[in-house]
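A closer look at the structure
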Amino acid sequence: MNTLTIASRFCGPPSSSNGGYFAGLVATLASRTVAVRLLKPPPLDTELSVVELEEGVLQVRQGEEPIGEARPTTLELAARPAPEYLEAVEASRRYAGFRQHRFPTCFVCGTRRVRGDGLRIFAGPLPERGVVAAPWVPDASLDGGDGKVRAEFMSAALDCPGYYAVAPDDRMMLLAEFTAHVDRRVHIGESCTVVGWPIGSSGRKHEAGTALYDGEGELCGQARALWIEPRSGEPLT
C-alpha cells in the first residue's frame, strides 16, 4: 500500500489540494494514464493511503473514507493548436482572476502567489480562437532533478485553464474528474503556452480540454476535465 501527502503549498481552495496536482500525484503512482475522480476535497498535510482495487483501479483514502479513485483509461482529445507565445501573453492581461478570484491562493492560478511559489498561470480569452491562453515559464522549484518539470506539476498546469474556458462568468464550479496525459516533460525556464477550451455542457456539468506546448510550439501534455456546479450546501474546501 502506497501513501501520499499533499503539502499546503499545493492548495486549490485554501484547505484542500489543487485538483490537477492531486490527479497528477495519483497518476505517477499508477504509472499510466488514469481518469481521476475526486470524491471529496483532498486534505492538505495529511497522510493518505492508496489502495489498489480490481482491474487496476486505485483508491485514495483518508482512514476508511474514499477521497478519490483512478481508473486506467485512454485520453481521446483533439488538442487546439497553440497561439503564438506573445498572443498568450496578451490574452493573460484579460485574465478574469485579476478582477475577482474565488481562490486567490490557488497554487496554479492564484493571484496572491508569488513567482517561485505558485505557477501563476493566468489564462485569458482569445475570442477569435475560441480558447483561453496563458504563458508559463516553469521555475526551478518544479525540477524533477533532470532539468525538466515533474509530471505532477504539468498535470497541475493543465487544470485551471479548463475552468476559465467553461466559466467566463466566474460561476462556482468544482473539479469532478481529471484525465491528463504527459507526452514529454518541459524544461525548467522554458517559455511554454497553456490553452483551454470548452468541450460541452449538460445542466450543471461542463467539460473542458487543455493543452500545454513547449517553446517550439510542440504539444507536450493535454487533459480533459469535468467541472460541476455544486448544489447549495456542498463543501467547497
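A few points on the structure. Since this is a predicted model, take the numbers as computed values, not measurements.

A few points about the nonpolar core
It is characteristic of soluble globular proteins that their nonpolar side chains tend to be buried jointly. Residues I6, L119, W136 and L212 are the most contacted members of the largest nonpolar core, which totals 61 residues. Take this core: its biggest share by element is 6 residues, from helix α1 (residues 19–30). Listed in part, the 11 residues of the second largest apolar core include L77, A88, A133 and W197.

Thoughts on the pattern of salt bridges
Opposite charge on two side chains makes pairing possible when the charged atoms of those side chains draw close. Under the defined criterion, the tally for this structure stands at 13 salt bridges. The partner of R9 in a salt bridge is D117, and the shortest N-O contact between them spans 3.5 Å. Note that R9 is positioned in the loop between β1 (2–5) and α1 and D117 in the loop between α2 (85–92) and β6 (124–126), a separation of 108 residues in sequence. In this structure, the salt-bridge partner of E90 is R93, at a minimum N-O distance of 3.1 Å. Connected via shared salt-bridge partners are R9, R113 and D117.

Side note on the pairing of strand β9 (residues 192–202)
Each regular strand carries side chains that alternate between the two faces of the sheet. One ladder, built from 5 bridges, connects strand β7 (residues 131–136) with β9; its direction is antiparallel. Across the sheet, residue A133 finds its bridge partner in β9, namely V195. Sheet analysis places β9 next to strand β10 (residues 205–213), joined by 9 bridges and oriented antiparallel. If you follow W197 over to β10, its bridge partner there is G209. In this structure, the hairpin formed by β9 and β10 is closed by a connection of 2 residues, where G203 is found at a positive phi of approximately 60 degrees.

Details of the environment of R61
With respect to the element layout, R61 can be found in strand β4 (residues 58–62). Separated by 14 residues in the primary sequence, R61 and E47 have C-alpha atoms spaced 9.1 Å apart. Looking at R61, its side chain comes within polar contact range of the side chain of Q59, at 2.5 Å.

Description of α2
Residues of α2 that are buried include every one of A88, A91 and S92, and no others. Buried residues of α2 fall within an arc of 100 degrees about the axis and therefore sit on the same side.

Some thoughts on the environment of V108
Mapped onto the elements of the fold, V108 is located in the loop between α2 and β6. Along the chain, V108 and D45 lie 63 residues apart, while their C-alpha atoms are 18 Å from each other. Once residues lying within four places of it in the same chain are set aside, the contact partners of V108 are N18, L119, R120, I121, A156, A157 and C160.

So, the side chain of T179
Assignment of secondary structure puts T179 in strand β8 (residues 174–182). The buried category is assigned to T179, whose relative accessible area is 9%. Excluding residues within four positions of it along the chain, T179 makes contact with T33, V34, A35, T73, L75, Q222, A223 and R224.

Examining the packing of aromatic side chains
This model, assessed by the stated rule, comprises 12 aromatic pairs. Taken together, a centroid distance of 6.3 Å and an interplanar angle of 70 degrees make the contact between Y21 and F107 edge-to-face. Taken together, the residues span a long stretch of sequence, with Y21 in helix α1 and F107 in the loop between α2 and β6 at a distance of 86 residues. Like F107, Y21 is buried. Ring centres of F107 and F153 lie 6.0 Å apart, and the angle between their planes is 50 degrees; this geometry places the pair in the tilted category. Residue F107 is found in the loop between α2 and β6, and its partner F153 is found in helix α3 (residues 151–157); the two are separated by 46 residues along the sequence. You'll find F107 and F153 in the same group, each marked buried. Pairwise contacts between aromatic rings join Y95, F98, F122, Y163, Y164 and W227 into one cluster.

Here's the deal with the pairing of strand β11 (residues 219–228)
Most of β11 sits out of view: 8 of its 10 residues are buried. Where β10 meets β11, 9 bridges bridge the pair, whose relative direction is antiparallel. In the sheet register, A211 faces β11, and the bridge partner there is Q222. Hairpin connection of β10 to β11: 5 residues between the antiparallel strands, including G217 at a positive phi of 80 degrees.

Looking at unusual backbone geometry
In this structure, S31 is a non-glycine residue whose phi angle is positive, near 60 degrees. Within the secondary structure, S31 is located in the loop between α1 and β2 (34–38). Take S31: its relative accessible area is 65%, and that puts it in the exposed class. Phi angles above zero are rare outside glycine, and D45 is one such case at about 50 degrees. Its location among the elements puts D45 in the loop between β2 and β3 (47–52).

Reading guide: rules and limits
- Residues numbered from 1 in each chain as written.
- Predicted model: local features only at pLDDT ≥ 70, side-chain atom pairs only at ≥ 80, totals over all residues.
- Heavy atoms only, no water.
- Core = buried A, V, L, I, M, F, W, Y, C linked by side-chain atoms within 4.5 Å.
- Buried < 20%, exposed > 50% of the residue type's maximum accessible area, 1.4 Å probe, protein only.
- Helix = DSSP H or I, 4+ residues; strand = E, 2+ residues; numbered from the N terminus.
- Salt bridge = Lys/Arg side-chain N within 4 Å of Asp/Glu carboxyl O.
- Pairing = 2+ DSSP bridges.
- Polar contact = N/O pair within 3.5 Å; in protein donor to acceptor, adjacent residues only side chain to side chain.
- Arc of directions from axis to C-beta.
- Contact = heavy atoms within 4.5 Å.
- Phe/Tyr/Trp six-rings, centres within 6.5 Å; stacked < 30°, edge-to-face > 60°.

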